[in-house]
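A look at the structure
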Amino acid sequence: MSFTYENLAITGGNPRFGLRVFRTDRRGRSVYTFDSTVTGLMPRLTWALGERGQASVYVLYSVGEITNAALGTSPLILADVGRQRSTTVGGELDLRFRGGDGLRKDTRLGLELGYGSTSRDHEFLRYAARLAALHALQDGTVVLRCQFRLGGIKTVKGRSAIGDRFMLGDASLRGFAFGGFGPRDLGATRQPALGGNQYAVMRLDTQFPHAFGGRRRALFRGCSWMRAACGGLMMSSAQLGRLMIVPACAPPLA
């Protein structure tokens, strides 16, 4: 559950003020072997940079709790059972570039950097970058899309908990459930996902928006005929004592 509020009058429109309040409640299933809840709020100030994009700063405060760990849960996760408060101060930059030369081009670049600490004496630097490019060829009859994302957590003090690390799934690589790829504790009974400290993902799409019928009579308007998640890389060294690298490649989906 998430609620977002924006107000332009408080600051005169630039920057604009936003507030997000959220709560997640997950029950232990195939990915998790425990129940977890996270409640938080994130005030944000966003400056418009004309047509080129925007820049923002935020404060994220959250309270997470892990309970009801099942039999066979990894000892690496059992150490995280209980409540944890977390505060992160960060900033984001989103830029957009459009090209010409007879082709429709749209490229977007996003950067994020934040510094956080938890009530369990974990201090960390969190970073992320994303690049998305779109090229429309032959008057829009063929659309090429490419997305590249990476992110990481650099521990400054203490150790990371499972709630601090990255859990990725279908939104990052098609064909994978949430937490479906990445480091796992192979010594535990149910081999639960541990989350990763770093990740990199690339996705490619080829679309034919006007196939079978032209621009006005297309039978499958906007349909993606070829979709492939090219590959992903996720790694974690926290608590494991050694580096684990798990490559992943999802099959093409119709």
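Worth saying up front: this structure is predicted, and the values here are computed from it rather than measured. (Residues numbered from 1 in each chain as written. Predicted model: local features only at pLDDT ≥ 70, side-chain atom pairs only at ≥ 80, totals over all residues. Heavy atoms only, no water.)

Things to note about the overall build of the chain
Rules: Helix and strand assignments come from DSSP, with helices taken as H or I runs of at least 4 residues and strands as E runs of at least 2, each series counted from the N terminus. Under the scheme applied here, a residue whose accessible area is under 20% of the maximum for its type counts as buried, over 50% as exposed, and between as partly exposed, the area being computed with a 1.4 Å probe on protein chains only. By definition, residues are in contact when any of their heavy atoms lie within 4.5 Å. We get accessible surface area from the Shrake-Rupley algorithm with a probe of 1.4 Å; when it comes to residues, only the shown protein chains can shield them.
Across its full length, the chain holds two helices and 11 strands. Ordered by position from the N terminus, the helices and strands of the chain form the series β-β-β-β-α-β-β-β-β-β-α-β-β. Relative to its 254 residues, the chain shows a buried fraction of 36%. Looking at the chain alone, contacts between residues at least 24 apart form 56% of all its contacts between residues at least 6 apart. When the accessible surface of the chain is totalled, it reaches about 14300 Å², and 59% of it is carbon and sulfur.

Concerning the packing of aromatic side chains
Formally: Any Phe, Tyr or Trp ring, taking Trp's six-membered ring, that has another such ring centre within 6.5 Å forms a pair; planes under 30 degrees apart are called stacked, those over 60 apart edge-to-face, and the others tilted.
Enumeration over the complete set of coordinates arrives at one aromatic pair. Look at Phe166 and Tyr199: their rings are 5.0 Å apart centre to centre, the planes differ by 65 degrees, and that puts the pair in the edge-to-face class. Residue Phe166 is located in the loop between strand S8 (142–157) and strand S9 (198–207), and its partner Tyr199 is located in strand S9; the two are separated by 33 residues in the primary sequence. Of the two residues, Phe166 and Tyr199, neither departs from the other in class, the shared state being buried.

Focus: the confidence of the model for the chain
The test is simple: pLDDT: the predictor's confidence for each residue, scored from 0 to 100.
Averaged over all residues, the pLDDT of the chain equals 78, while 72% of them reach at least 70. Taken element by element, the predicted model of the chain shows its lowest mean pLDDT in strand S11 (residues 244–248) (38) and its highest in strand S4 (residues 53–67) (95). Low confidence marks residues 217–232, where pLDDT is under 50. Its contacts with residues over four positions away, or in another chain, come to 58 contacts. Here residues 237–254 scores under 50 on pLDDT; set against residues more than four positions off or in separate chains, the count is 49 contacts.

Notes on a nonpolar patch on the surface
Heads up, the rule is: In this scheme, patches are assembled from residues that exceed 30% relative accessible area and form no salt bridge. Like charges are connected within 9 Å, while nonpolar side chains (Val, Leu, Ile, Met, Phe, Trp, Tyr) are connected within 5 Å. A pairing counts as a salt bridge when a side-chain nitrogen of Lys or Arg comes within 4 Å of a carboxyl oxygen of Asp or Glu.
Residues Phe3, Tyr5, Val21, Leu41 and Tyr61 make up a contiguous nonpolar surface patch of about 450 Å² in total accessible area. Considering the arrangement of structural elements, one finds Tyr5 in strand S1 (residues 2–7).

A look at the environment of Arg16
On the secondary structure map, Arg16 appears in strand S2 (residues 16–26). Taking relative accessible area as the criterion, Arg16 reaches 21% and is therefore assigned partly exposed. Between the C-alpha atom of Arg16 and that of Ala48, which follows or precedes it by 32 residues, the distance is 8.5 Å.

Some details on unusual backbone geometry
Residues other than glycine seldom take positive phi values, yet Asn68 does so here, at roughly 50 degrees. With respect to the secondary-structure elements, Asn68 resides in the loop between S4 and helix H1 (75–78). By relative accessible area, which is 57% here, Asn68 ends up exposed. Even without being glycine, Asp121 reaches a positive phi, approximately 60 degrees. Mapped onto the elements of the fold, Asp121 is located in the loop between strand S6 (104–118) and strand S7 (123–137).

Some remarks on the environment of Asn14
Rules: Pairs of N or O atoms within 3.5 Å make up the polar contacts considered here, provided that, within protein, one atom can donate a hydrogen while the other can accept it, and that residues adjacent in sequence are counted only when both atoms are side-chain atoms.
Along the chain, the position of Asn14 falls in the loop between S1 and S2. For Asn14, the contacting residues outside a window of four places in its chain are Thr46, Trp47 and Ala48. Engagement of the side chain of Asn14 in a polar contact is seen with the backbone nitrogen of Ala48, the distance being 2.9 Å.

What to know about the nonpolar core
Under the convention used in this document: In this text, buried Ala, Val, Leu, Ile, Met, Phe, Trp, Tyr and Cys residues form a nonpolar core when linked through side-chain atoms within 4.5 Å.
Tyr32, Phe34, Ile66, Ile77, Ile162, Met167, Ala193 and Leu194 form the largest nonpolar core, which has eight residues in total. Ignoring any residue separated from it by four or fewer positions in sequence, one finds Ile66 in contact with Phe34, Asp35, Ser36, Asp80, Val81, Gly82 and Ile162. Phe124, Ile153, Phe166 and Val201 belong to the second largest nonpolar core, which has seven residues in total.

Some words on the pattern of salt bridges
This model, assessed by the stated rule, comprises seven salt bridges. Note that Arg83 is salt-bridged to Glu65, the shortest N-O span being 3.4 Å. Remark: Glu65 occurs in strand S4 and Arg83 occurs in strand S5 (residues 82–99); sequence separation between them is 18 residues. The class of Glu65 is partly exposed, set by a relative accessible area of 28%.

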